[in-house]
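Coordinate analysis (summary)
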Amino acid sequence: MVHEGLLQGRGVKVDLSLYSTEDCITKSVGAVEARTPPDLGYCTTYDFRTTGKWAIEGRLENLSDIINPMKSAFVPDALETTLLFGPDGKKAYYAMPIQRQTMHMNYWRDMLADAGFKESDIPETWAENWYFWCDKVQPALRAKGQRIFGIGHPLGVAASDTFYSFLMTAAAYEVKVVDDNGKIVLGEAKNRAAMVEALRFYTSIFAKGCTPPSSVNWLDPDNNVAFHGKQTVMTHNATISIAGKHLDDSNNASLTAEQRAQAKKNYEELIVTRKWPKGPKGNVIPNLAATKTAVIFADGKNKRRAREFMTFLMQEDSIRAFTEGSAGRWYPVTVESTKSPFWQADIHRRTVHQQFSEGTVPFDFVYNWKFTAVNAENVWAKAMQRVIQDKVTPEVAVDEMVKRITEIAG
Amino acid sequence: MNSRRIREDVRLFLVAIPVLLWTLIPIYHLFILSISNEKAMLAGKFWPDEPTLQNYRIVLNQQHYYLNNFWLQLFNSFLVAAAVGVITLFVATLAAFSISRLRTPGGRTIMNLALATYLIPAAFLAVPMYKAMGSYGMLNSKWALILAMVALASPYAIWVLKQASDKLPAELDEAAVIDGASPLQIFRLVYLPLMAPSMVAIGVYALLLAWNEYLYAFLLLSNEKQLTLAVALGQFLGADDSPWNILMATGMIYALPPMVIYYTFRKYMVSGLTAGAVKS
Amino acid sequence: MTAATASFDMANRTPARRWFDDPMKLWGILMLIPYALVFLVLVTYPVAYGLYLGLKPQSYVELFRDPAFAVAAWNTVLFLVIAVNLKFLMALALSGFFMAQRGWVKAILVIFLLPWAMPSIPTILSVRFLLNPEWGLVNAQLFKWFQIDGPNWLNDPQIAFGAAIFMHIWKSLPFWTLILITGRMAISKDLYEAADVDGASRWQQFRFITWPSLAALYVTSTILSIIWTLGDFNSVYLLTGGGPGDRTHVLATLGIRYLRIDKLDLGIAAIITAMPFVLPLVFVMVKRLSRGPQDD
């Protein structure tokens, strides 16, 4: 949802292609392989899947000359994720931080009330919080004859939601997968044991019948859809796109006045965005954040123009307009933008702002780029499927996970 | 005799009901989703509460994020389908005439190669075709899709036309040759008129093949202004709020042209296309 | 006919003339050029390029290490055996039904052809939604009437795979039924009338009149259908996406799966691995199909 205004009045014709998230990555990879990439690329899954790999393969332009002069404008947490190994083995800025996301929980306030609970009833401790939705809210609503699931819990292999939520769970259990040098330490007894617990817990939501059966095959939108349809009371999602959809609807001229009013009420009153509870040991779970990256391709045809455009895009006014144009779904990478009143405008945005202000931790692929391949294959979701479909123990599934990760990224 | 006919009718009726249910359930479901609002879509009823044409309005006015280029994409689908129909017909008619009537040496070999292409599953050729189009620098051009579909459609087209052409009596050409007609004249004056019904079938076959194609269109086209409607439909699967009711309304519109074409030319299609498989 | 054509060729060919002086040959070759070009540019080159890409032994090592490949290979075999046989038994039975001399049966035939006439995407996605365990119509009604959570349909590997087979049959059944109807129509009515007079049962009529006439067609169609079924991408991809957990992939969708996880080489390797099984079938079919009518 790029602001049209951004692209106008520059005397340069911009040819813009928009894709769904999954197609975006496939198309980009195809174009890069065929050596016919666009001048500038931006998919919200580049960072998970390809940026690090492309940098080391020499597919990307070094953007240090654009970034260095404006270094102080960036939030350091965000900028450090784009300092990547290049083909020469040296680190440089091969990608531009654009927007950030972290993990939240959403629930329906009215459904909670319908189940006979107050918001203060929601426990702030780990298992109690999750199982509250499963063991308290779900049975209460089912007793009223509604076909409701307590949690919308992504388990699908083809969804990035799955590994995002799972890695957040792993972080809650204080699992370390790689060290700061990118060496895999998941095989160490302590980490392995913690990973087993994380996997056991994450899959237990399914075993309890607390998440829709179809969640084992969900794509990224599906937990949103189930939540919008009020089939789940709570779901966890990176970005506040769930609430954002209702904000969009409340301004959507193609809907009826009644539909718009309902959407407005959903956004302002009924949907709550909150952070995750405390971890299993009472620990504070770090906010696992991802920084979305735009890149200029080494094989692009108009690299000079692309650099100009990138420089222009990164001016405070443009990048702020671009980020805020997504209704709070994406959090800024520049210090100045994070101070914008936009982030104080409502409860959802305030929660996002609060979480980012507490500080964030990056994904493992920042330390070891081969983890982009681990994520592409979604080794994490495979392990869940082993437990859920094949009924192997979490111990066995984690051993397989360690083996596969070592094969891919060792 | 009469009671036997009634028993026969009852028996036929008992088959007819499951056949109709089997055929119509997916289509009926498609239809009711397309007239459901967001709430009704998720309610899982046999008939939606407050059926609405809102989804169709959103599609036709291009009011959804994924439908910003609906009319253009519909036009692209028409363009690609028509181009594939015409080019396939051109390539295949010439080839069939050459192989079947002129008995060009090597024609049989080409025929067999073509058949082999036809028989290797298209999904298997998709990835190599994608790479090849990349190296031709044609990715993201409608021509990549058009040419790929011509390559997929023409083997069967040549084969069917050759079968039909073999059935024309040889005396026709003979008489024409004795009258001093050139091969081109035979082609134009004798061959084309006689082959017209089969050519209609093949043109429609190629056209529908291209209209319905998803996999190749998805791989070969990227720019949203170049996409055909089939790919645009697939994109809905990744939409953040997955408006399946709007998707289904788009799907209904997308399904309409091929159905109209198909039922208009049904007579030709059935005899033309099945003649091949049912020879002997 | 063959003799007639031969003499007609002879009449117009003087051995001394070179090929470009002979208008028949000249035009014959010119008219083959468009397809020859299509074949070279759009078939030979891609296939050769694919083979070249498939030369890396490392791809095969990785492929065979990937559990999804073994699953897809086995699924493909199952899909073929079940879908093709089931489809043809149904087509055989239904072609008999549609032979009934009733106006309303003919009308049903027109409706029955709908799945063939409609594009795959909307109808397959419709079934995908229909079977969604939470908001799909089927489970919603099951819950409404019996207060039970229905099957997990597309998220249970076995059911999902069965549903993909159903989808495939749904889409291709009309075509094969039509083919068998055409085959049945070629059988002389007199045979059945004579059998009626002799008091032959329905089964006997099928066994001794219908089947012998249809057998050759049935076999040809089956082989053709095996090859096409092998290439059915839509039924699996659009219905289950290969999920849950990559359990319902077949070879036709595996290539795209590898493309999606940025491992194109493995996709090509998977297809090349399947070739030893596909090519003999293709060879047999080319031989069967390329025989002209005069050879039968």
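Focus: the overall build of chain A
A tally of regular secondary structure across chain A gives 20 helices and twelve strands. The principal-axis extents of the C-alpha atoms in chain A amount to approximately 65 × 55 × 35 Å. Taken across its 410 residues, chain A has 55% of its residues classed as buried. Put simply, of all contacts in chain A between residues at least 6 apart along the chain, 73% involve residues at least 24 apart.

Some points on the overall build of chain C
Within chain C one finds 14 helices and zero strands. Going from the N terminus to the C terminus, chain C shows its helices and strands as α-α-α-α-α-α-α-α-α-α-α-α-α-α. What you see for chain C is a C-alpha radius of gyration of 25 Å, clearly larger than the 19 Å of a compact globule of 296 residues, by over 25%. When contacts within chain C are restricted to residue pairs at least 6 apart in sequence, those whose partners lie at least 24 apart make up 67%.

Some remarks on helix α20 (residues 394-409) of chain A
Residues and elements named next belong to chain A. Relative to the 22 Å expected for 16 residues at 1.5 Å per residue, α20 spans 21 Å between its end C-alpha atoms, a close match to the ideal helical length. Listing the buried residues of α20 in full gives Pro394, Ala397, Val398, Met401, Val402, Ile405 and Ala409. Mapping the buried residues of α20 onto a view down its axis gives an arc of 140°, with all of them on the same face.

A short note on the nonpolar core
All names here are of chain B. Within the largest apolar cluster, 301 residues are counted, with the highest numbers of intra-cluster contacts made by Val84, Ala148, Met149 and Leu220. Per element, the largest residue contribution to this core is 17 residues, and it comes from helix α7 (residues 142-166). The contacts of Met149, once residues within four sequence positions are left out, are Val84, Leu209, Ala210, Glu213 and Tyr216.

Details of the domain arrangement of chain A
By domain assignment, chain A separates into domain 1 (4-102 + 290-350 + 360-366) and domain 2 (103-286 + 378-409). A class-by-class count of the residues in the side of domain 1 of chain A that touches domain 2 of chain A yields six nonpolar, six polar and three charged.

Focus: the sheet that holds strand β7 (residues 232-238) of chain A
Residues and elements named next belong to chain A. Strand order in the open sheet made by the four strands is β6-β7-β5-β8, with mixed pairing throughout. The open sheet has two free edges, formed respectively by β6 (149-152) and β8 (271-274), since each of these has just one partner strand. Averaged over all neighbouring strand pairs, the angle between strand axes comes to 20°, with direction disregarded. Pairing analysis gives four bridges linking strand β5 (residues 103-108) to β8, with the strands arranged antiparallel. Within β8, the position partnered with Trp108 by the bridge is Ile271.

Examining the interface of chain B and chain C
Listed by partner, the interface residues are 88 residues for chain B and 85 residues for chain C. In terms of residue class, the side of chain B that touches chain C is built from 63 nonpolar, 17 polar and eight charged.

Considering unusual backbone geometry
Phi at A:Asn378 is positive, roughly 50°, even though this residue is not glycine. By the secondary structure assignment, A:Asn378 is in the loop between α18 (371-377) and α19 (379-388). Exposure remark for A:Asn378: the 22 C-beta atoms within 10 Å place this residue in the buried category. Unlike most non-glycine residues, C:Trp153 shows phi in positive territory, near 35°. For C:Trp153, the position within the fold is in the loop between α8 (137-146) and α9 (157-185). Assessed through the 23 C-beta atoms surrounding it within 10 Å, C:Trp153 is described here as buried.

A few points about the sheet that holds strand β10 (residues 290-296) of chain A
Residue and element names in this part refer to chain A. Within the open sheet, the four strands sit side by side as β1-β10-β4-β11. Their pairing is antiparallel. Since the sheet does not close on itself, it has two edges, and those belong to β1 (40-42) and β11 (331-332), each with one partner. Sheet topology note: the strand β4 (residues 96-101)/β11 ladder contains two bridges and is antiparallel. Note on β11: the bridge partner recorded for Gln99 is Pro332. Of the strands in this sheet, β1, β4 and β10 touch helix α14 (residues 303-313), which is tilted by about 145° from β10.

Observations concerning the packing of helix α9 (residues 183-212) of chain B against helix α12 (residues 244-264) of chain B
Residues and elements named next belong to chain B. Packing of α9 against α12 leaves a shortest axis separation of 10 Å and a crossing angle of 165°. With respect to α12, the element α9 is oriented roughly antiparallel. Considering only the axes of α9 and α12, their crossing is left-handed. Of α12, the residues touching α9 (which contributes Val204, Leu207, Leu208, Trp211 and Asn212) are Pro257, Pro258, Ile261 and Tyr262. Residue composition of the contact of α9 with α12, grouped by class: eight nonpolar, one polar and no charged.

Remarks on the pairing of β4(A)
A regular strand places its side chains on the two faces of the sheet in alternate fashion. Residue and element names in this part refer to chain A. Across the six residues of β4, six count as buried, placing the element largely inside the fold. Relative to β10, β4 runs antiparallel, the two being bridged by five bridges. Across the sheet, residue Met96 finds its bridge partner in β10, namely Ala294.

What to know about helix α7 (residues 120-130) of chain C
Extensive coverage of α7(C) is indicated by the burial of eleven of its eleven residues. Every buried residue belonging to α7(C) is among C:Ser120, C:Ile121, C:Pro122, C:Thr123, C:Ile124, C:Leu125, C:Ser126, C:Val127, C:Arg128, C:Phe129 and C:Leu130, and all of these are buried.

Here's the deal with the pairing of β7(A)
Residues and elements named next belong to chain A. Burial of β7 is extensive: seven of the seven residues sit out of reach of the surface. Where β5 meets β7, five bridges bridge the pair, whose relative direction is antiparallel. Looking across to β7, one finds that Tyr107 is bridged to Met234. The pairing of β6 with β7 spans three bridges and is classified as parallel. Bridged to Phe149 within β7 is Thr232.

Looking at the confidence of the model for chain A
As a general rule, the predicted coordinates of low-pLDDT regions are not to be interpreted in detail. Taken over all residues, the pLDDT of chain A has a mean of 90, while the share at 70 or more is 95%. Counting interchain partners and residues more than four positions distant, the pLDDT-below-50 stretch residues 1-10 of chain A has twelve contacts.

The rules behind these values
Residues numbered from 1 in each chain as written. Chains lettered and ligands numbered in written order. Predicted model: local features only at pLDDT ≥ 70, side-chain atom pairs only at ≥ 80, totals over all residues. Helix = DSSP H or I, 4+ residues; strand = E, 2+ residues; numbered from the N terminus. Buried ≥ 20, exposed ≤ 12 C-beta atoms within 10 Å, placed from the backbone. Contact = placed C-beta atoms within 7 Å. Rg over C-alpha atoms; globule rule 2.2 N^0.38 Å. Expected span 1.5 Å × (residues − 1). Arc of directions from axis to C-beta. Core = buried A, V, L, I, M, F, W, Y, C linked by C-beta atoms within 7 Å. Domains from an automatic or database assignment. Nonpolar A, V, L, I, M, F, W, Y, C, P; charged D, E, K, R; others polar. Pairing = 2+ DSSP bridges. Axes fitted to C-alpha atoms, helices over the stretch in contact; angles between N-to-C directions. Parallel < 35°, antiparallel > 145°, perpendicular 65-115°, else oblique. Left-handed = near helix turned anticlockwise from the far one by under 90°. pLDDT = per-residue confidence, 0-100.

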